[in-house]
Amino acid sequence: MGIVSWIILGLIAGAIAKLLLPGRDPGGLLGTTLIGVAGAFVGGWLSATVLDRPVEKEFFDAATWGSAIAGALVLLIGYRLLFGNSRD
């Protein structure tokens, strides 16, 4: 997959992570979107290095999507822990 595919995947993964963790984030929609893109890259990297499961070249591979969504969730949770959760 190319860089544009990873960005599109990250945008969608960020939206899915936002659906799974509802509430107001300190960075708003733009911050959540950027976290989703970064989460896709981090999730793909962790999948390839730690889990020894390299992501496929296919855009519609379940492991690729799972790692991107998991990476976005981890970064979103970390972001909320560091910068506050405005769910109150």
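Structure's up top.
Calculation criteria
Residues numbered from 1 in each chain as written. Predicted model: local features only at pLDDT ≥ 70, side-chain atom pairs only at ≥ 80, totals over all residues. Heavy atoms only, no water. Helix = DSSP H or I, 4+ residues; strand = E, 2+ residues; numbered from the N terminus. Buried < 20%, exposed > 50% of the residue type's maximum accessible area, 1.4 Å probe, protein only. Contact = heavy atoms within 4.5 Å. Areas by Shrake-Rupley, 256 points an atom, 1.4 Å probe, with all protein chains shown as cover. Expected span 1.5 Å × (residues − 1). Axes fitted to C-alpha atoms, helices over the stretch in contact; angles between N-to-C directions. Parallel < 35°, antiparallel > 145°, perpendicular 65-115°, else oblique. Left-handed = near helix turned anticlockwise from the far one by under 90°. Nonpolar A, V, L, I, M, F, W, Y, C, P; charged D, E, K, R; others polar.

Asker: Which residues make up the overall build of the chain, and what values go with them?
Answerer: Along the backbone of the chain there are 3 helices and 0 strands. Residues counted as buried form 33% of the 88 residues belonging to the chain. Sequence-distant contacts in the chain: of pairs separated by 6 or more residues, those separated by 24 or more amount to 75%. Accessible surface, the chain: about 5,300 Å² in total, of which carbon and sulfur atoms supply 73%.

Asker: Before we move on, could you go through helix 2 (residues 28-49) and cite the residues and values that matter?
Answerer: Between its first and last C-alpha, helix 2 extends 31 Å over 22 residues, near the 32 Å set by a 1.5 Å rise per residue. Of all the residues in helix 2, the buried ones are Gly31, Thr32, Ile35, Gly36, Val37, Gly39, Ala40, Gly43, Gly44 and Ser47. Residues of helix 2 that are buried sit in contact with helix 1 (3-20) and helix 3 (62-83).

Asker: An account of the packing of helix 2 against helix 3 is needed here, citing residue identities and associated values.
Answerer: Direction vectors running N to C along helix 2 and helix 3 enclose 120°, while the axes themselves pass 6 Å from each other. Judged by the inter-axis angle, helix 2 sits oblique to helix 3. When you trace helix 2 past helix 3, the crossing you get is right-handed. Where helix 2 abuts helix 3, its residues Ile35, Gly36, Ala38, Gly39, Ala40, Val42, Gly43, Gly44 and Ser47 lie against Ser67, Ala68, Gly71, Ala72, Leu75, Leu76 and Tyr79. By residue class, the composition of the contact of helix 2 with helix 3 is 9 nonpolar, 7 polar and no charged.

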